[in-house]
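Next come the chains, spelled out residue by residue.
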Amino acid sequence: MSGPGAEEELYLILATAAAGPTTRYPAGERRRMLVFARAASHDQALAVATAGLAEQGWGEPGFEKAGIVELGPHLSAEDRAPAEHAMAHGCAIRVYPRPGDAA
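Treat the numbers as computed from the prediction; the structure is a model and nothing was measured. (Residues numbered from 1 in each chain as written. Predicted model: local features only at pLDDT ≥ 70, side-chain atom pairs only at ≥ 80, totals over all residues. Heavy atoms only, no water.)

## A look at the overall build of the protein
Counting its regular elements, the protein contains two helices and four strands. Ordered by position in the sequence, the α and β elements of the protein form the string β-β-α-β-α-β. Here the C-alpha radius of gyration of the protein, 14 Å, is about what a compact globule of 103 residues would show, namely 13 Å. Projected onto the principal axes, the alpha-carbon positions of the protein cover approximately 45 × 30 × 20 Å. Sorting the 103 residues of the protein into buried and exposed places 36% on the buried side. For the protein, the share of sequence-separated contacts (at least 6 apart) that also reach a separation of at least 24 residues comes to 68%. Accessible area for the protein stands at about 6000 Å²; split by element, carbon and sulfur atoms hold 54% of it. Taking the average location of the 9 positive side-chain charges in the protein and that of its 13 negative ones, the two points are 8 Å from each other. (Helix = DSSP H or I, 4+ residues; strand = E, 2+ residues; numbered from the N terminus. Rg over C-alpha atoms; globule rule 2.2 N^0.38 Å. Buried < 20%, exposed > 50% of the residue type's maximum accessible area, 1.4 Å probe, protein only. Contact = heavy atoms within 4.5 Å. Areas by Shrake-Rupley, 256 points an atom, 1.4 Å probe, with all protein chains shown as cover. Lys, Arg positive; Asp, Glu negative; His and termini not counted. Charge placed at Lys NZ, Arg CZ, Asp CG, Glu CD.)

Spelled out as structure tokens, the structure:
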């Protein structure tokens, strides 16, 4: 839980989750994704990611890796927009395409 003076950082989380009926994917299909979460701790980042996934229609999250990432020129174009969105709004998700999926 963040208290006064707790500095929030940007966490990058490699996750899988099941698509719900409000996503553009078949319900129940598990997809790999990157979740960007603004948080003051690792545990808070996972909680923010879980809530953000649920808001976007994803359930049953599984988190594989999580770490702090800096905004900067090292981020790819595909990651820069969701990273900036997460810093402004708390959470953003980038679902990985499967081979053969339209980009």
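## Quick notes on the layout of surface pockets
What the largest pocket holds in volume is close to 170 Å³. Lining the largest pocket are T23, G52, E55, Q56, W58, C91, A92, I93, R94 and V95. At the level of secondary structure, the elements contributing two or more residues to the lining of the largest pocket comprise α1 (42-55) and β4 (91-95). When residues in the lining of the largest pocket are grouped by element, the largest group, five residues, is from β4. Partitioning the lining of the largest pocket into residue classes produces five nonpolar, three polar and two charged. (1 Å grid on protein atoms, 1.4 Å probe; cavity = no way out; pocket = protein on both sides within 12 Å on 5 of 7 lines; lining within 4 Å. Points joined across faces, edges and corners; volume = space filled by probe spheres on them. Nonpolar A, V, L, I, M, F, W, Y, C, P; charged D, E, K, R; others polar.)

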